[in-house]
Amino acid sequence: MIQPSVRHIIHADLDAFYAAVEQLDNPELRGKPVLVGGSPDGRGVVATASYEARKFGVHSAMPMATAVRHCPDGIIVRPRFDRYRELSAQVMGVFRSVTDTIEPQSLDEAYLDITVAADDRSPIAVAIDIKARVAAETGLTVSVGLATGKCVAKIASDLQKPDGLVVVPDGEEAEFLAPLAVGKLAGIGPKSAARLLADGVHTIGDLAGMPEPWFTRRFGKRGASIRDHARGIDHSPVQTVRETKSMSSETTFPEDIGSAEELRPVIDRLSSSVASALMRKSLTGRTVTVKMRLSDFTTFTRQMTLPASINDDSTIGATAWTLLERELAPERTFRLLGVGVSGFVPAEPEGNDKPNRRRAAHRASAGARATSYQLALPVN
Ligand code: TTP
Ligand code: MG
């Protein structure tokens, strides 16, 4: 019987992600042992290996030199993070077209709450559809676990890799988990697993059978949730990550400073830290903000909107410096400085919407003249 309170949660994880992308883009690598990562000469490590290479015992985080010894025919490929990000965005797009309730865990992994999407068809049909659409739209395979909670769904997605689909029906969670190794449970790392093994607790079933007070003794505060997880109980929600609205970096000085010579390098350092955070997320923004806290704790910001969207450290630094320089005054010293970029513009394909872009640029340059002065808020 279907109860209305039962949730349908998917954990989806791409198979041998980086290696699969390399095999996708270069057909010559298909069916071959591929090692994505650094050089075997230096201290390079394996980011991931294709399933063909895993047969030789190669795994993520293994030194590349060791991997090559295990798998001499392995083809070493340097990672291409931009391409991985691009495909990740496509895959997340497929997920998002099924449900808004999605919690990405990394580039190749996400939880999806498909309870609503499964209103008019079975959750298994939704899961099959997701797998088929990821394959059709990207050429990649994704392993999917479907269960009533995140913890079981995650374990399920890993069980039949690659291209797996494991469904754990409502009410069968504990039975499904019972024979599996304790180390598969979220929160049980290799050290905990080794200690549990020494105590004769090998499987999740063994763990679930331990008396309640034992969990608190063993795991402290985490005891209750580990016990629930071992019994397949997990009500934690799929948490939609809010879109990043701004990126900033700030620093408090050991001693207050006020001269241009001292402040300029700080602005440059903060700007380059913001720039690299933006680049890592492939974001560009038009508004640069400087946050200032004076010796008397007065805190305020100045911001400027540029005609174009940027993420390079020199433009951020030059803009931030223009804003700060106007505030310098004899006797005025600063406790804290921050630099931020906001007003993100989604990457837009070239040639689209030219008139709109012109309008946007026009608005932006108007904004640059009207530098806004936000509230001066005393802190404390
Ligand atoms: P995973 O999903 O852990 O691994 P995977 O997708 O390669 O293989 P699987 O089929 O078992 O899911 O990680 C996703 C990507 O993250 C992986 O392709 C490369 C990268 N990664 C690293 O760079 N270093 C690491 O130690 C791990 C575990 C992953
Ligand atoms: Mg993966």
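About the criteria used
Residues numbered from 1 in each chain as written. Chains lettered and ligands numbered in written order. Predicted model: local features only at pLDDT ≥ 70, side-chain atom pairs only at ≥ 80, totals over all residues. Heavy atoms only, no water. Near = heavy atom within 4 Å. Polar contact = N/O pair within 3.5 Å; in protein donor to acceptor, adjacent residues only side chain to side chain. Pairing = 2+ DSSP bridges. Helix = DSSP H or I, 4+ residues; strand = E, 2+ residues; numbered from the N terminus. Axes fitted to C-alpha atoms, helices over the stretch in contact; angles between N-to-C directions. Contact = heavy atoms within 4.5 Å. Parallel < 35°, antiparallel > 145°, perpendicular 65-115°, else oblique.

## Re the site of ligand 1
Thinking step 1. Of all residues adjacent to ligand 1, which total 13 residues, the nearest are Ala16, Thr48, Tyr51, Arg54 and Asp108.
Thinking step 2. Contact distances for ligand 1 include 2.6 Å between an oxygen atom and a side-chain N or O atom of Tyr51.

## A few points about the sheet that holds strand β3 (residues 46-49)
Thinking step 1. Pairing is mixed in the open sheet, where three strands are placed in the order β3-β2-β4. Each edge of the open sheet is held by one strand with a lone partner, namely β3 and β4 (75-77). Averaged over neighbouring strand pairs, the angle between their axes works out to 25° when direction is ignored.
Thinking step 2. Where helix α1 (residues 17-25) meets the sheet, it contacts β2 (34-37), β3 and β4, and its direction lies at approximately 115° from that of β2.

## Notes on the packing of α1 against helix α4 (residues 81-98)
Thinking step 1. At their nearest, the axes of α1 and α4 sit 10 Å apart, and the two run at 95° to each other. Viewed along their axes, α1 and α4 adopt a mutual orientation that is roughly perpendicular. Contact residues: α1 offers Phe17, Tyr18, Val21, Glu22, Leu24 and Asp25, while α4 offers Phe81, Arg83, Tyr84, Leu87 and Ser88.

## Details of the sheet that holds strand β5 (residues 102-106)
Thinking step 1. Ordered in space as β5-β6-β1-β7-β8, the five strands form an open sheet in which the pairing is mixed. In this open sheet, the two edge strands, each paired with only one partner strand, are β5 and β8 (165-167). Pairs of neighbouring strands in the sheet enclose a mean axial angle of 15°, with direction left out of account.
Thinking step 2. As paired elements, strand β1 (residues 9-14) and strand β7 (residues 142-147) share six bridges and run antiparallel to each other. Its bridge partner lying in β7, Ile9 is registered against Ala147.
Thinking step 3. Docked against the sheet, helix α6 (residues 150-159) engages β1, β5, β6 (109-113), β7 and β8, running at close to 145° with respect to β7.

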